[in-house]
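# Observations on the model geometry
Below, each chain spelled out in residue letters.
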Amino acid sequence: MIVKDLCESINNEELAAQKGAVGRFLFILEAVYRASPEQFSQVLQIQGRDRLYFATSKASLLKASKSANPKEIGQSGFWVTTNNNTAKKRTILTEVLQQYGTVAGQIEAITNNI
């Protein structure tokens, strides 16, 4: 099951070693990608009212917002905007985890680590 694999693939010591909220955000997104790479493209559907959060290129995110500060999610070929505040990063991550069928308690445990 993806949820179980995801929770097991997030090493809390490695997560804590990440630099800042952006590092932890990217680390968790990469763990989600590794848990089910074939399903990851569904994150492209997650968007704000006037914001693009995920794309398959850095240029796409920069075209949507000059201040996006896009970062690649590991070596997945997917990019994410990282200039959101920590609360928004948690909201984005919550949406990603919901798409994977993660239960509320596990989502909270994961997103509280950002």
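Let me begin by describing the structure that accompanies this report. (Residues numbered from 1 in each chain as written. Predicted model: local features only at pLDDT ≥ 70, side-chain atom pairs only at ≥ 80, totals over all residues. Heavy atoms only, no water.)

## Some words on the overall build of the protein chain
Per the secondary structure count, the protein chain includes six helices and three strands. The secondary structure elements of the protein chain, listed N-terminal to C-terminal, are α-α-α-β-α-β-β-α-α. Expressed along its principal axes, the backbone C-alpha trace of the protein chain runs to roughly 35 × 30 × 25 Å. Within the protein chain, the proportion of its 114 residues that are buried is 39%. In the protein chain, the share of contacts with a sequence separation of at least 24, taken over all contacts with a separation of at least 6, comes to 54%. When the accessible surface of the protein chain is summed, it comes to about 6100 Å², and 46% of that surface belongs to carbon and sulfur atoms. One finds the centroid of the 13 positive side-chain charges in the protein chain at a distance of 12 Å from the centroid of its 10 negative side-chain charges. (Helix = DSSP H or I, 4+ residues; strand = E, 2+ residues; numbered from the N terminus. Buried < 20%, exposed > 50% of the residue type's maximum accessible area, 1.4 Å probe, protein only. Contact = heavy atoms within 4.5 Å. Areas by Shrake-Rupley, 256 points an atom, 1.4 Å probe, with all protein chains shown as cover. Lys, Arg positive; Asp, Glu negative; His and termini not counted. Charge placed at Lys NZ, Arg CZ, Asp CG, Glu CD.)

## Focus: helix H6 (residues 104-111)
Within H6, the full set of buried residues consists of Ile107, Ile110 and Thr111. In an axial view of H6, the angular spread of the buried residues amounts to 90°, which keeps them on one side of the axis. (Arc of directions from axis to C-beta.)

## A few points about the sheet that holds strand S3 (residues 79-81)
As summarised here, the arrangement of the three strands in space is S1-S3-S2, forming an open sheet in which the pairing is antiparallel. The open sheet is flanked by strand S1 (54-55) and strand S2 (70-72), the only strands paired with a single partner. Two strands pair when backbone bridges link them, and S2 and S3 are joined in this way by three bridges, in the antiparallel orientation. In the sheet register, Lys71 faces S3, and the bridge partner there is Val80. Seen against the sheet, helix H3 (residues 20-35) touches S1, S2 and S3 and runs at an angle of roughly 145° to S3. (Pairing = 2+ DSSP bridges. Axes fitted to C-alpha atoms, helices over the stretch in contact; angles between N-to-C directions.)

## Notes on the pattern of salt bridges
Per the stated rule, a full pass over the model turns up one salt bridge. Here Arg34 and Glu30 are joined by a salt bridge, their closest N and O atoms 3.8 Å apart. Here Arg34 pairs with Glu30, and both are found in helix H3, just four residues apart, close to one helical turn. On the basis of relative accessible area, Arg34 is assigned to the partly exposed category, the value being 43%. (Salt bridge = Lys/Arg side-chain N within 4 Å of Asp/Glu carboxyl O.)

## Brief notes about the environment of Ile92
Relative to the assigned elements, Ile92 resides in helix H5 (residues 86-99). Along the primary structure Ile92 and Val103 are separated by 11 residues, whereas in three dimensions their C-alpha atoms are 15 Å apart. Among all residues touching Ile92, those that are not within four sequence positions of it are Phe25, Ile46, Tyr53, Phe54 and Asn84.

## A look at the packing of aromatic side chains
The description of an aromatic ring pair uses the distance of the two centres, along with the angle that the planes make with each other. Under the criterion given, the structure shown has three aromatic pairs. Centroid distance Tyr33 to Phe40: 5.4 Å. Interplanar angle 90°. Geometry classified as edge-to-face. For Tyr33, a relative accessible area of 21% gives the class partly exposed. For Phe40, a relative accessible area of 0% corresponds to the buried category. Aromatic ring contacts, followed pair by pair, group Tyr33, Phe40 and Phe78 into a single cluster. (Phe/Tyr/Trp six-rings, centres within 6.5 Å; stacked < 30°, edge-to-face > 60°.)

Read these as spatial facts, not as claims about activity.
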